[in-house]
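# Chain and residue survey
Residues per chain, in single letters:
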Amino acid sequence: MAKMGKKAVHFGAGNIGRGFVACFLHNSGYEVVFADVNGDLIDTINATPSYRVIEVGSEGTSENTITNYRAINSRTHEDDLVDEIRTADVVTCSVGPNILKFIAPVIAKGIDARADGPEQTPLHVIACENAIGATDTLAGHIKDARNTSPERLDSHHLRARYANSAIDRIVPAQDPNAGLDVTLEKFFEWVVDKTPFEDVGIPSIDGINWVDNLAPYIERKLYTVNTGHATAAYHGYNRRKRTVFDALQDKQIMAEVRGALTESKNLLVAKHGISEDAQIAYMNKIIKRIGNPHLEDAVERVGRAPLRKLSRKERFVGPAAEAAENNMPIDYLLDAIEMTFRFQDVEGDDESKELSAIMSDNTPEDVVAKVCGIQATEKIYPRLVEVVKRVQDDSRED
Ligand SMILES: NC(=O)C1=CN([C@@H]2O[C@H](COP(=O)(O)OP(=O)(O)OC[C@H]3O[C@@H](n4cnc5c(N)ncnc54)[C@H](O)[C@@H]3O)[C@@H](O)[C@H]2O)C=CC1
Ligand SMILES: O=P(O)(O)OC[C@H]1O[C@](O)(CO)[C@@H](O)[C@@H]1O
């Protein structure tokens, strides 16, 4: 039974938004106001008094029913949304890391409209994206002079506080006939840095693991769950597999996934002092999770946005560049990077089309600098250039 009284504004009423974040907020007593730009989705949310979050796995199926929500179109009803943010307790988002700059202006207006005296606790802002420091990125856009007047910055902390998070739950694309219902895996992890909220009160959201130092959690998550999942997806895509489950039935793909995860494990163990045994157990658990036969997870969904996934701080280049600097092996990570560079012109994926144009119009050296953000002085550089050159040569032969 939900407790009542608090309000959260959540940007992005998609899979993670409805299936994970809003579900936890609802179960913790928050009314959830979704902000999205998809008009049909907004109408459906406002016309549907409840939806189900259905957890599936080898242990069976269980359900949560979500109620007490509304939705606002952030494109057409900005003033209403500003008012909701002015009076909210929490703002969360799961829109994709590249969209944060677009949601920042309205959040800035809502924050600016809040009282900054003792009568109102600062708004708690938590971005729930697969990216290191996503809340910091969002805060940077909000505090940009175009969105918040520089004279208001000194007192901004009285109106808003920002905490980074790591969010982990596999939510595949949903059956188009399922309405608002979301089917997802049972496992979840939502870890949030508590330090920015300590003097003003930590929001009570059941299920969050509040920590003092988020860095090891987020790197471990991104460089294990997302590295493994994306490795399976890109190898699977290039071998014409339909789902991640199908991909993992292929022994060679499974060996690539294990290889990439072993290479990232070496780095994580050395860097964060995680025990080797614990990281191997975590790796095995992740391989089991991504191979969940109950989730119909298409390789195209997991591989979506290859330019983001090939960028410097992301799941492949991030661990590979650091491992290379420390003279650790990176052959499997490079294989996965190569498969990602081959994820071009995929139906419905704009970044895969952009990648294809970048590969046609640039030298391998320029691709590595532009896409991966790697400089010629870094140890990984010549190996990445080799990978890009191979993919370009193969495309020219086709
Ligand atoms: N699906 C998953 O398994 C997981 C996803 N994530 C992260 O969560 C984020 C969202 O992923 P999904 O929920 O899978 O994507 P999704 O595509 O299902 O949902 C994204 C939602 O954001 C909305 N949106 C786009 N632009 C917007 C804007 N300017 N203002 C407001 N809403 C906007 C879209 O209309 C859509 O409803 C991504 O950063 C992803 O990396 C993190 C962990 C797991
Ligand atoms: O947009 P991205 O980075 O692929 O995020 C979604 C991914 O996050 C994960 O759910 C892991 O938490 C992956 O399973 C999923 O593919």
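Computed from a predicted model, the values in this text were never measured in an experiment.

Looking now at the overall build of the protein chain. Along the protein chain, the regular secondary structure elements total 17 helices and 12 strands. Computed over the C-alpha atoms, the radius of gyration of the protein chain is 21 Å, within 12% of the 21 Å expected from 2.2 N^0.38 for a compact globule of 398 residues. With the C-alpha coordinates of the protein chain rotated into their principal frame, the extents come out at 65 × 50 × 40 Å. Burial analysis of the protein chain (398 residues in total) assigns 47% to the buried set. Here the contacts in the protein chain between residues at least 6 apart in sequence split such that 72% fall between residues at least 24 apart.

What follows deals with the sheet that holds strand β8 (residues 160-163). Strand order in the open sheet formed by six strands is β5-β2-β1-β6-β7-β8, with parallel pairing between adjacent strands. Two strands lie at the open edges of the sheet, namely β5 (69-73) and β8, each paired on one side alone. Averaged over all neighbouring strand pairs, the angle between strand axes comes to 20°, with direction disregarded. Where strand β1 (residues 6-11) lies against strand β2 (residues 30-36), six bridges are found, and the strand directions are parallel. Within β2, the residue paired with Val9 across the bridge is Val33. Contacting β7 (123-127) and β8, helix α5 (residues 134-143) crosses the sheet at an angle of about 120° to β7.

Along its sequence, the protein chain is organised into domain 1 (6-213) and domain 2 (216-397). Between the C-alpha centres of domain 1 and domain 2 there is a distance of 28 Å. Between domain 1 and domain 2, the contact holds 16 residues from the first and 17 residues from the second. Broken down by secondary-structure element, the contributors of at least two residues to the side of domain 1 that touches domain 2 are β3 (51-57) and β9 (165-168).

Near ligand 1 lie 26 residues; those nearest to it are Gly12, Gly14, Ile16, Glu129 and Asn130. Contributing elements (two or more residues each) for the shell around ligand 1: α1 (15-27), β2 and α4 (100-112). Top element by residues in the shell around ligand 1 is α1. It accounts for three residues. Taken together, the residues of the shell around ligand 1 break down into 14 nonpolar, nine polar and three charged.

Turning our attention to the nonpolar core. Judged by nonpolar contacts, the single largest core of 116 residues is most densely connected at Ile107, Ala233, Ala320, Leu333, Ala336, Ile337 and Leu384. Each of domain 1 (6-213) and domain 2 (216-397) gives at least three residues to this core. What Ile107 contacts, discounting residues up to four positions off in sequence, is Ile85, Val91 and Ile142.

Attention now goes to helix α9 (residues 251-272). With 22 residues, α9 should cover 32 Å at 1.5 Å per step; its first-to-last C-alpha distance of 31 Å lies within 8% of that length. Buried residues of α9: Ile253, Glu256, Val257, Ala260, Leu261, Glu263, Ser264, Lys265, Leu267 and Leu268, and no others. At its buried positions, α9 is contacted by α7 (215-238), α8 (244-248), α10 (276-290), α13 (317-325) and α14 (331-341). Two residues or fewer past α9, Gly273 is found with a positive phi of approximately 65°.

We now examine the UniProt feature "domain: Mannitol dehydrogenase C-terminal" (unreviewed entry) in the protein chain. UniProt records the feature "domain: Mannitol dehydrogenase C-terminal" (unreviewed entry) for residues 213-355 in the present numbering. For residues 213-355, the helix share is 70%, the strand share is 0%, and the end-to-end C-alpha distance is 35 Å.

Next up on the list: the site of ligand 2. Residues in close proximity to ligand 2 include Asn130, Asp168, Arg169, Ile170, Val225, Asn226, His229, Val302, Arg304 and Ala305, which together make up its full environment. By residue number, the principal contributor to the shell around ligand 2 is α7, which donates three residues. Considered class by class, the residues forming the shell around ligand 2 number four nonpolar, three polar and three charged. Of the residues that make up the shell around ligand 2, three or more belong to each of domain 1 (6-213) and domain 2 (216-397).

A few words now on the sheet that holds β9. Pairing is mixed across the open sheet formed by three strands, whose spatial order is β9-β11-β12. Bordering the open sheet on either side are β9 and β12 (208-211), each of which pairs with just one other strand. This sheet shows a mean twist of 15° between the axes of neighbouring strands, independent of strand direction. Relative to strand β11 (residues 189-193), β9 runs antiparallel, the two being bridged by four bridges. Looking at the pairing, Ile167 lines up with Trp190 of β11. Where α7 meets the sheet, its contacts fall on β9, β11 and β12, and the angle it forms with β9 comes to roughly 35°.

Calculation notes
- Residues numbered from 1 in each chain as written.
- Chains lettered and ligands numbered in written order.
- Predicted model: local features only at pLDDT ≥ 70, side-chain atom pairs only at ≥ 80, totals over all residues.
- Helix = DSSP H or I, 4+ residues; strand = E, 2+ residues; numbered from the N terminus.
- Rg over C-alpha atoms; globule rule 2.2 N^0.38 Å.
- Buried ≥ 20, exposed ≤ 12 C-beta atoms within 10 Å, placed from the backbone.
- Contact = placed C-beta atoms within 7 Å.
- Pairing = 2+ DSSP bridges.
- Axes fitted to C-alpha atoms, helices over the stretch in contact; angles between N-to-C directions.
- Domains from an automatic or database assignment.
- Near = placed C-beta within 6 Å.
- Nonpolar A, V, L, I, M, F, W, Y, C, P; charged D, E, K, R; others polar.
- Core = buried A, V, L, I, M, F, W, Y, C linked by C-beta atoms within 7 Å.
- Expected span 1.5 Å × (residues − 1).
- UniProt positions renumbered as here; feature names shortened; annotations may be inferred.

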